[in-house]
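A structural walkthrough
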Amino acid sequence: QVQLVESGGGLVQPGGSLRLSCVVSGATFTSSPMGWFRRGPGKERVFVAAISALGSNTVYLDSVKGRFTISRSNAENTIYLQMNSLKPEDTAVYYCAPTQWGTFTPRTDFDSWGQGTQVTVSS
């Protein structure tokens, strides 16, 4: 069973930056696309960014294009989300998950979300 541990969140002012990390264990990490999702206050969890299994392709939510960068280290079983030029609307709990390429939804065989990491953008 896959286990995910997200970290790196915090309180940041608008325009600031954060780098999130997600360590993956208990699964064949290198064979799966991975993604970041977020749940804002009072909202459903939505897709933010995805990266292909070997890291050669990435996809982003339109509102974060040019500001966020997803990357992965298969040697360290870790994915990252570099977030720059943060806005108040980026405030959310961020989660990582194995992701279905094409639909950019969590894989249908995945149901063991981590605790997430809180990102708060506020002055």
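Residues numbered from 1 in each chain as written. Predicted model: local features only at pLDDT ≥ 70, side-chain atom pairs only at ≥ 80, totals over all residues. Heavy atoms only, no water.

So, the state of the cysteines
This is how it is decided: Cysteine sulfur atoms that pair up within 2.5 Å are treated as a disulfide. Helix and strand definitions follow DSSP, with helices as H or I runs of at least four residues and strands as E runs of at least two, each counted in order from the N terminus. Categorising residues by exposure relies on relative accessible area from a 1.4 Å probe, with only protein chains included: less than 20% of the type maximum marks a residue as buried, more than 50% marks it as exposed, and the intermediate range marks it as partly exposed.
For the structure shown, the criterion picks out one disulfide. Each sulfur in the disulfide pair Cys22 and Cys96 lies 1.8 Å from the other. On the sign convention where negative is left-handed, the bridge of Cys22 and Cys96, at about 50° about the S-S bond, is right-handed. Here Cys96 lies in strand β9 (residues 92-100) and Cys22 lies in strand β3 (residues 18-25), a separation of 74 residues in the sequence. A relative accessible area of 0% places Cys22 in the buried class.

So, the environment of Thr103
Threshold: In protein, a polar contact requires one atom able to donate a hydrogen and another able to accept it; more generally it is a pair of N or O atoms within 3.5 Å, and residues adjacent in sequence count only if both atoms are side-chain atoms.
Relative to the helices and strands, Thr103 resides in the loop between β9 and β10 (105-106). Sequence separation between Thr103 and Ser32 is 71 residues, and the spatial gap between their C-alpha atoms is 14 Å. Side-chain polar atoms of Thr103 contact the side chain of Thr105, separated by 2.9 Å.

Some details on the sheet that holds strand β7 (residues 68-73)
Put simply, the test is: Two strands are said to pair when DSSP picks up at least two bridges between them. The angle between two axes is taken between their N-to-C directions and runs from 0 to 180 degrees, where each axis is a line fitted to C-alpha atoms and a helix contributes only its stretch in contact.
If you trace the four strands from one edge of the open sheet to the other, you get β1-β3-β8-β7, paired in antiparallel fashion. Edge positions in the sheet fall to β1 (3-7) and β7, since each of these pairs with one other strand and no more. The mean angle between the axes of side-by-side strands here comes to 15°, regardless of whether they run parallel or antiparallel. Taken together, the six bridges between β7 and strand β8 (residues 78-83) define a ladder with antiparallel strand orientation. Each residue of the ladder has a partner; that of Ile70, found in β8, is Leu81.

Observations regarding the pattern of salt bridges
Which entries qualify depends on this criterion: Salt bridge criterion: a side-chain nitrogen from Lys or Arg within 4 Å of a carboxyl oxygen from Asp or Glu.
Taken as a whole, this structure holds four salt bridges when the rule is applied. When the shortest N-O distance is used, the salt bridge between Asp109 and Arg107 registers 2.7 Å. The class for Asp109 is exposed, based on a relative accessible area of 55%. Note on Arg107: relative accessible area 26%, which makes it partly exposed. Through salt bridges with shared partners, a single network forms among Arg38, Arg67 and Asp90.

Observations regarding unusual backbone geometry
Positive phi outside glycine occurs at Asn77, with the angle close to 50°. Note on placement: Asn77 falls in the loop between β7 and β8. Positive phi values are uncommon outside glycine, yet Phe104 reaches one of about 55°. Here Phe104 falls in the buried class, since its relative accessible area comes to 17%.

Thoughts on the nonpolar core
Our working definition: Note on terminology: a nonpolar core comprises buried Ala, Val, Leu, Ile, Met, Phe, Trp, Tyr and Cys residues joined through side-chain atoms within 4.5 Å. The contact criterion used is simple: two residues touch if any of their non-hydrogen atoms lie within 4.5 Å.
Residues Leu4, Trp36, Val48, Phe68, Leu81, Met83 and Tyr94 are the most contacted members of the largest nonpolar core, which totals 32 residues. Among the secondary structure elements, those contributing two or more residues to this core are β3, β4 (34-39), β5 (45-51), β7, β8, β9 and β11 (117-121). Ranked by the residues each element gives to this core, the list is headed by β5, at five residues. Leave out the neighbours within four places in its chain, and Tyr94 touches Glu6, Leu20, Trp36, Phe37, Arg38, Val48, Phe68, Leu81, Met83, Gly116, Thr117 and Val119.

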